[in-house]
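Reading the structure
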Amino acid sequence: MIQRIQTLWLLLSIASAGVLCFFPIYEGLFLNGTTQVFGVRENIFLFAGITLIALISLVNIFFFKNRGRQKIIILINMLLTGGIFAAQYYLIEQLKKDVGIVQGDWQMAAMLPIFIIIFHIFAFVGIRKDEKLLSSADRMR
């Protein structure tokens, strides 16, 4: 299970999702001069989405005998991650309008969903390499 490279990529995506839960994604400056940091945990939708992405990746590691199912789950998880990334941007923009943030800065953790998608792509490629290896071994029999 751990010998396969896609397991490592999926573990990296789980770690990235975990880091995203604990670090801020946006820091805003209000009219009165105070600053506030916003993270994924402030919004239940984002927090639930990131947690779901991590859980799906964790469960997907244990489907190592069914590579077709693993690929489908990875594609679904990539779409979910893209949706969370878009929702994160939209919710911060709405927050800026509603609360009255004059100036703000995106934090480095806001880019972690892109890394999660990249790790899923690498895992998908690893699964395809395993399939090609097995099909070439079947031809040799």
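Summarised in this report is the structure supplied together with it. Remember, predicted model here, so these are calculated numbers, not experimental data.

Another aspect to go through is the packing of helix H1 (residues 5-22) against helix H2 (residues 44-61). Two numbers describe how H1 lies on H2: the axes approach to 9 Å, and their chain directions differ by 160 degrees. Judged by the angle between their axes, H1 and H2 are roughly antiparallel. In terms of crossing hand, the pair formed by H1 and H2 is left-handed. Residues Thr 7, Leu 10, Leu 11, Ser 13, Ile 14, Ala 17, Leu 20 and Cys 21 of H1 lie in contact with H2, whose contacting residues are Phe 47, Ile 50, Ala 54, Ser 57, Leu 58, Asn 60 and Ile 61. In the contact of H1 with H2, the residues fall into eleven nonpolar, four polar and no charged.

We now examine a nonpolar patch on the surface. Taken together, the side chains of Met 111, Ile 114, Phe 115, Ile 118, Ile 121, Phe 122 and Val 125 define a hydrophobic patch exposed on the protein surface, amounting to about 530 Å² of accessible area. On the secondary structure map, Ile 121 appears in helix H4 (residues 112-140).

Here we come to the side chain of Ser 13. Residue placement: Ser 13 occurs in helix H1. The exposure class of Ser 13 is buried, given its relative accessible area of 1%. Separated by 2.7 Å, the side chain of Ser 13 and the backbone oxygen of Leu 10 make a polar contact. In contact with Ser 13, other than residues within four places in its own chain, are Ser 57, Ile 116, Phe 119 and His 120.

For the rest of this paragraph, the subject is the pairing of strand S1 (residues 24-30). Pairing of S1 with strand S2 (residues 35-39), which is carried by five bridges, proceeds in the antiparallel orientation. Note that in S2 the partner of Leu 29 across the bridge is Thr 35. Once S1 ends, the chain turns through four residues before running back antiparallel as S2, passing Gly 33 with a positive phi of about 95 degrees. Taken together, the five bridges between S1 and strand S3 (residues 101-106) define a ladder with antiparallel strand orientation. In the sheet register, Glu 27 faces S3, and the bridge partner there is Asp 105.

Below, the discussion takes up the sheet that holds S2. If you walk across this open sheet you meet the three strands as S2-S1-S3, and the pairing is antiparallel. Of all strands in the sheet, those with a lone pairing partner are S2 and S3, marking the two edges. Pairwise comparison of adjacent strand axes, ignoring direction, gives a mean angle of 25 degrees for this sheet. Of the strands in this sheet, S1, S2 and S3 touch helix H3 (residues 67-99), which is tilted by about 155 degrees from S3.

The rules behind the values
- Residues numbered from 1 in each chain as written.
- Predicted model: local features only at pLDDT ≥ 70, side-chain atom pairs only at ≥ 80, totals over all residues.
- Heavy atoms only, no water.
- Axes fitted to C-alpha atoms, helices over the stretch in contact; angles between N-to-C directions.
- Helix = DSSP H or I, 4+ residues; strand = E, 2+ residues; numbered from the N terminus.
- Parallel < 35°, antiparallel > 145°, perpendicular 65-115°, else oblique.
- Left-handed = near helix turned anticlockwise from the far one by under 90°.
- Contact = heavy atoms within 4.5 Å.
- Nonpolar A, V, L, I, M, F, W, Y, C, P; charged D, E, K, R; others polar.
- Patch = residues over 30% accessible without salt bridge, like charges linked within 9 Å, V, L, I, M, F, W, Y side chains within 5 Å.
- Areas by Shrake-Rupley, 256 points an atom, 1.4 Å probe, with all protein chains shown as cover.
- Salt bridge = Lys/Arg side-chain N within 4 Å of Asp/Glu carboxyl O.
- Buried < 20%, exposed > 50% of the residue type's maximum accessible area, 1.4 Å probe, protein only.
- Polar contact = N/O pair within 3.5 Å; in protein donor to acceptor, adjacent residues only side chain to side chain.
- Pairing = 2+ DSSP bridges.

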